[in-house]
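# Inside the fold
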Amino acid sequence: MNFYEEDLHLHELLKKHLDKEFFNWANNELIEFGRLCANEFDKRAIHTDREGQPRLIKYDAYGNDISHVWVNEGYKQTVKDTYYKGIVGYLHKPIPELGIKGNYIYSYAQGYLLSQTEVGFYCPVTLSMAAAFLVERYADEALKEKYLPHLLSTGETELFEGATFLTERQGGSDVGANVVKAIKEDEHYRIYGEKYFASNAGQCGVTTILARIEGAPSGSKGLSLFLVPWKNEDGKNNGLTIRRLKDKLGVRAVPSGEVEFDGAKAFLIGDASRGFYYMMEALNLSRICNAVASVGIMRRAYTEAKQYAENRPAFGQLLTNYPMIQETLSKLATIQEVQTSAVFDLIALYDRVIGKENGTNEEQALVRLLIAILKMRTAEEAIHFSHEAIEMHGGNGYIEDFVTPRLLRDAQVLTVWEGSANILGLEVLRLLKKNVFPTFISFIESKLVDTSESLADEKELVIQKLNDLKEVVNYALTIDLNTQTFYAKKIANKMADLLESAIAIGDANRNTRKVYIAKVIVQERYQRDKLIIEPFTLKYYNEIVNSKMTIKK
């Protein structure tokens, strides 16, 4: 099995977004990485989830608090195998074979494959990406010189995984309520307080945190960004202790703990008054990671459901001969493919507009809007897909011998990490108040130009729904601020429906199968509550689900 070779759609997306030389190199790399994900990594994921979860060794033999986090040897090897492939490093340094830096398309393609194996393996990568982003973009030259080579290591020097410890007990999503403090000492600071949900605790070499310098104002504007090494030069913990590791529902591979700072040595990153802004930039990067993880889980859930249905007889014939099963598989294949296209289109836009810092204000606002919409929608779909995969397996889907229970447990966290649907709805509302909606309208309309004639009815329906949304948004922005929040998620979901439909219609000129995909997604989003006389999920089942092609070197 090979997660990459069996995914023609990912192959098509990479050819679309990468130049020929980069694609040829990436294609070969991803064939090997896809093999690892489907085989060695997958076996390690099963062991880590069931028997090899991280453990906190709080004290040494002499009673000293060492707060050491033990992870199994397979986990350690997966870390090396993943980072040495440049999933973080090649975002910021040249690829030796090409002589140029990598990009987010390639990194997120790796993350998409890795998430099909275990989101708990991808979470630390996400945190390392965010930490490297903050250090590379905002730290002074001395900090970059000392720590960036370790964050970007592909094997030539000691690897430091990264982290972003943000959550505090009293704060949660209300980051402005954070109280961890920073006290100036010579050319550095000392950190005091607690981070309540700190993922990659004990495994990261450095973490980035928000803390309030003595005398700074309250609220988010008083927060500054710091880099905190986990260990001192002598190899001992840098004033950091772990109270306990969280006993989580899923993503058990990544250690998440309650971390106490008792005079931890820290270094200010950038302007002390802009720490919250810096961290929100990294949060948007992490939200894309979350969406990538979601479509990865969706892909694994779909492939597991499809393989089971193709081999499971019931009442004298295979499951795939039944229309209800065909409908389910057609929907899953369509939604996963369209949302993966949407996510990688977003990644390409992010890379150009924010990754390289050369977009207009309107483009940057559109990127943030699309991030919020897609993070919300894909996370919810990941749970739905995992549920559908379990149901396809029947009783077997509920048994831990199969991957399906772990997919559901892991998917559930994706709706919480990096902002819940409520928080993302508020982000959409905030951006609408900054007049991003006309840019969104133009983006949707651009996908509907020169569309296939066979999709005329679908195009007309999407235009109608876009006009309906204009009325809803215009109304919502005229009412009182408190009532506006009632409409936030509703508007975000309507925008997600439009985004999916428009992207599918825009892609339909590529081949006939894409036309069928567009017809199914528009029918699913806008006509599913009606009595459907011509169900496209059944009519185009073979073309959507059973098209065969694999990727070769």
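Residues numbered from 1 in each chain as written. Predicted model: local features only at pLDDT ≥ 70, side-chain atom pairs only at ≥ 80, totals over all residues. Heavy atoms only, no water.

### Here we look at the nonpolar core
Among the nonpolar cores identified, the biggest contains 190 residues, and Y108, Y122, M129, F165, I191, F440 and M495 are the most heavily contacted of them. Looking at this core, the element that brings in the most residues is helix α8 (residues 275-311), giving 17 residues. In this view, M129 contacts V88, L91, Y104, S107, Y108, Y122, L285 and C289; residues no more than four positions away in its chain are not counted. (Core = buried A, V, L, I, M, F, W, Y, C linked by side-chain atoms within 4.5 Å. Buried < 20%, exposed > 50% of the residue type's maximum accessible area, 1.4 Å probe, protein only. Helix = DSSP H or I, 4+ residues; strand = E, 2+ residues; numbered from the N terminus. Contact = heavy atoms within 4.5 Å.)

### Topic: helix α11 (residues 404-414)
Of all 11 residues that make up α11, 9 are buried, and the element is covered over most of its length. The complete set of buried residues in α11 reads T404, P405, R406, L407, R409, D410, A411, V413 and L414.

### Some details on the UniProt feature "domain: Acyl-CoA oxidase/dehydrogenase middle" (unreviewed entry) in the chain
Residues given the UniProt feature "domain: Acyl-CoA oxidase/dehydrogenase middle" (unreviewed entry) here are residues 163-263. Helix and strand shares over residues 163-263 are 0% and 48% respectively, and the end C-alpha atoms of the span are 19 Å apart. (UniProt positions renumbered as here; feature names shortened; annotations may be inferred.)

### Thoughts on the pattern of salt bridges
Inspection of the entire model under this criterion finds 43 salt bridges. Two residues, K58 and D65, come together in a salt bridge whose shortest N-O distance is 2.9 Å. Between K306 and E310 there is a salt bridge whose closest N-O contact spans 2.7 Å. Separated by 4 residues within a single helix, K306 and E310 lie in helix α8, roughly one turn from each other. In this structure E310 comes out as partly exposed when scored by relative accessible area, which is 27%. The structure contains a network of salt bridges with shared partners spanning R169, E194, R243, R244, K246, E258 and E260. (Salt bridge = Lys/Arg side-chain N within 4 Å of Asp/Glu carboxyl O.)

### A word on the side chain of T328
When you line up the elements, T328 lands in helix α9 (residues 323-355). With a relative accessible area of 18%, T328 lands in the buried category. For T328, the residues in contact, after removing those within four places along its chain, are E388 and M392.

### What to know about the packing of aromatic side chains
Applying the stated rule across the entire model yields 19 aromatic pairs. Pairing Y75 with F121 gives two aromatic rings, centres 5.8 Å apart and planes at 70°, and the pair type is edge-to-face. In this pair, Y75 is assigned in helix α4 (residues 73-83) and F121 in helix α6 (residues 119-138), connecting sequence segments 46 residues apart. Since its relative accessible area comes to 3%, Y75 is described here as buried. Aromatic ring contacts, followed pair by pair, group F22, W25, Y90 and Y106 into a single cluster. (Phe/Tyr/Trp six-rings, centres within 6.5 Å; stacked < 30°, edge-to-face > 60°.)

### As for the UniProt feature "domain: Adaptive response protein AidB N-terminal" (unreviewed entry) in the chain
Under the local residue numbering, the UniProt record ascribes the feature "domain: Adaptive response protein AidB N-terminal" (unreviewed entry) to residues 2-154. Secondary structure across residues 2-154 comprises 63% helix and 10% strand; the distance between its end C-alpha atoms is 23 Å.

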